[in-house]
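Take a look at the letters that make up each chain.
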Amino acid sequence: MNSKPLDYTALAITIIGAINWGLIGFFRFNLVTFLLGDMTLLSRIVYGIVGICGLYLISMFGRVGNNSHE
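Values in this document were obtained by computation on a predicted structure and should not be read as measured data. (Residues numbered from 1 in each chain as written. Predicted model: local features only at pLDDT ≥ 70, side-chain atom pairs only at ≥ 80, totals over all residues. Heavy atoms only, no water.)

## Brief notes about the environment of Gly37
Turning to its location among the elements, Gly37 is positioned in the loop between helix 2 (31-36) and helix 3 (41-57). For the pair Gly37 and Ala18, spaced 19 residues apart in the sequence, the C-alpha separation amounts to 19 Å. (Helix = DSSP H or I, 4+ residues; strand = E, 2+ residues; numbered from the N terminus.)

Encoded structure:
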């Protein structure tokens, strides 16, 4: 199974989540809260998706070294 599209999608979502954390850390501005409200169902879904993508990307550690022969 080719997981590259899933890898890139998860990576993009995780990068967006990291940018949001940077905004929170540097400017005390939460983009998710600004766009979707404070802990609304939709904002919680967004946080959940970012977290799941981060957990999924842990599997890349085991696969990064295996892709050198492709």
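Structure shown, so let's carry the discussion forward.
## Side note on a nonpolar patch on the surface
The grouping of Phe26, Phe27, Phe29, Leu31, Phe34 and Leu35 at the surface amounts to a nonpolar patch, some 720 Å² of accessible area in total. Among the elements that line the nonpolar patch, the one with the most residues is helix 2, at three residues. Locating Phe34 in the fold gives a position in helix 2. (Patch = residues over 30% accessible without salt bridge, like charges linked within 9 Å, V, L, I, M, F, W, Y side chains within 5 Å. Areas by Shrake-Rupley, 256 points an atom, 1.4 Å probe, with all protein chains shown as cover. Salt bridge = Lys/Arg side-chain N within 4 Å of Asp/Glu carboxyl O.)

## Description of helix 1 (residues 4-27)
In this model, helix 1 (24 residues) spans 34 Å end to end at C-alpha, consistent with the 34 Å of a helix rising 1.5 Å per residue. Within helix 1 the residues assigned to the buried category are Asp7, Ala10, Gly17 and Asn20. Where helix 1 is buried, its residues meet helix 2, helix 3 and helix 4 (60-64). The first or second residue beyond helix 1 is Arg28, which carries a positive phi of 55°. (Expected span 1.5 Å × (residues − 1). Buried < 20%, exposed > 50% of the residue type's maximum accessible area, 1.4 Å probe, protein only. Contact = heavy atoms within 4.5 Å.)

Functional significance is not addressed by these values, which are geometric in nature.
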